[in-house]
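Residues per chain, in single letters:
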Amino acid sequence: MASNQLDSIVTKIVERFTTRAQVGQNKYGTNLDRKDLSTTEWLTHLIKELHDAILYAEKARQESIKQHRLIELLRIEHFQMSHVEMQELDSLLSWYEESKKIS
């Protein structure tokens, strides 16, 4: 059965765009209808944002790798772990505890 209603994911994204536009309006006193930037300047802004996005993606990727490795180590019986694995587990558990303090 087809529905004219947007799904929850699309609705959430539209809400985020709207909120983001309001934040930009409040912060910069303008919106994307502004006429004071050239196409090259708009592209420069985009490139800077994409650089940031790559950094954020890499940070998230590294965090995901750590989380998966922690889970992997936790599944090993402690008496079967090597000394190196025990040290790695201790290090990852410390990282995990610190990351939970930030959240």
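Our subject in this report is the structure included herewith. (Residues numbered from 1 in each chain as written. Predicted model: local features only at pLDDT ≥ 70, side-chain atom pairs only at ≥ 80, totals over all residues. Heavy atoms only, no water.)

## Notes on the environment of serine 94
Move 1: Checked against the element boundaries, serine 94 lands in helix H3 (residues 83-102).
Move 2: Among the residues examined, serine 94 registers a relative accessible area of 45% and is labelled partly exposed. (Helix = DSSP H or I, 4+ residues; strand = E, 2+ residues; numbered from the N terminus. Buried < 20%, exposed > 50% of the residue type's maximum accessible area, 1.4 Å probe, protein only.)

## Looking at helix H2 (residues 39-74)
Move 1: Given a rise of 1.5 Å per residue, 36 residues ought to cover 52 Å, and the 52 Å separating the end C-alpha atoms of H2 matches this to within 8%.
Move 2: Turning to H2, its buried residues number three or more, namely Glu63, Leu70 and Leu73. (Expected span 1.5 Å × (residues − 1).)

## Focus on the nonpolar core
Move 1: In this structure, Leu70, Leu73, Met81, Leu89, Leu92 and Trp95 together form the largest nonpolar core, which totals 6 residues.
Move 2: Broken down by secondary-structure element, the contributors of at least two residues to this core are H2 and H3.
Move 3: Among the elements that take part in this core, H3 stands out by supplying 3 residues, more than any other.
Move 4: Every residue in contact with leucine 92, bar those within four places of it in the chain, is listed here: Lys66, Arg69, Leu70 and Leu73. (Core = buried A, V, L, I, M, F, W, Y, C linked by side-chain atoms within 4.5 Å. Contact = heavy atoms within 4.5 Å.)

## Re the layout of surface pockets
Move 1: When its volume is computed, the largest pocket comes out at roughly 810 Å³.
Move 2: What lines the largest pocket is a set of 19 residues, and nearest its centre among them are Arg20, Gly24, Tyr28, Leu32 and Trp42.
Move 3: Elements represented by at least two residues in the lining of the largest pocket include exactly helix H1 (8-28) and H2.
Move 4: Broken down by element, the lining of the largest pocket gets its largest block of residues, 8 residues, from H1. (1 Å grid on protein atoms, 1.4 Å probe; cavity = no way out; pocket = protein on both sides within 12 Å on 5 of 7 lines; lining within 4 Å. Points joined across faces, edges and corners; volume = space filled by probe spheres on them.)

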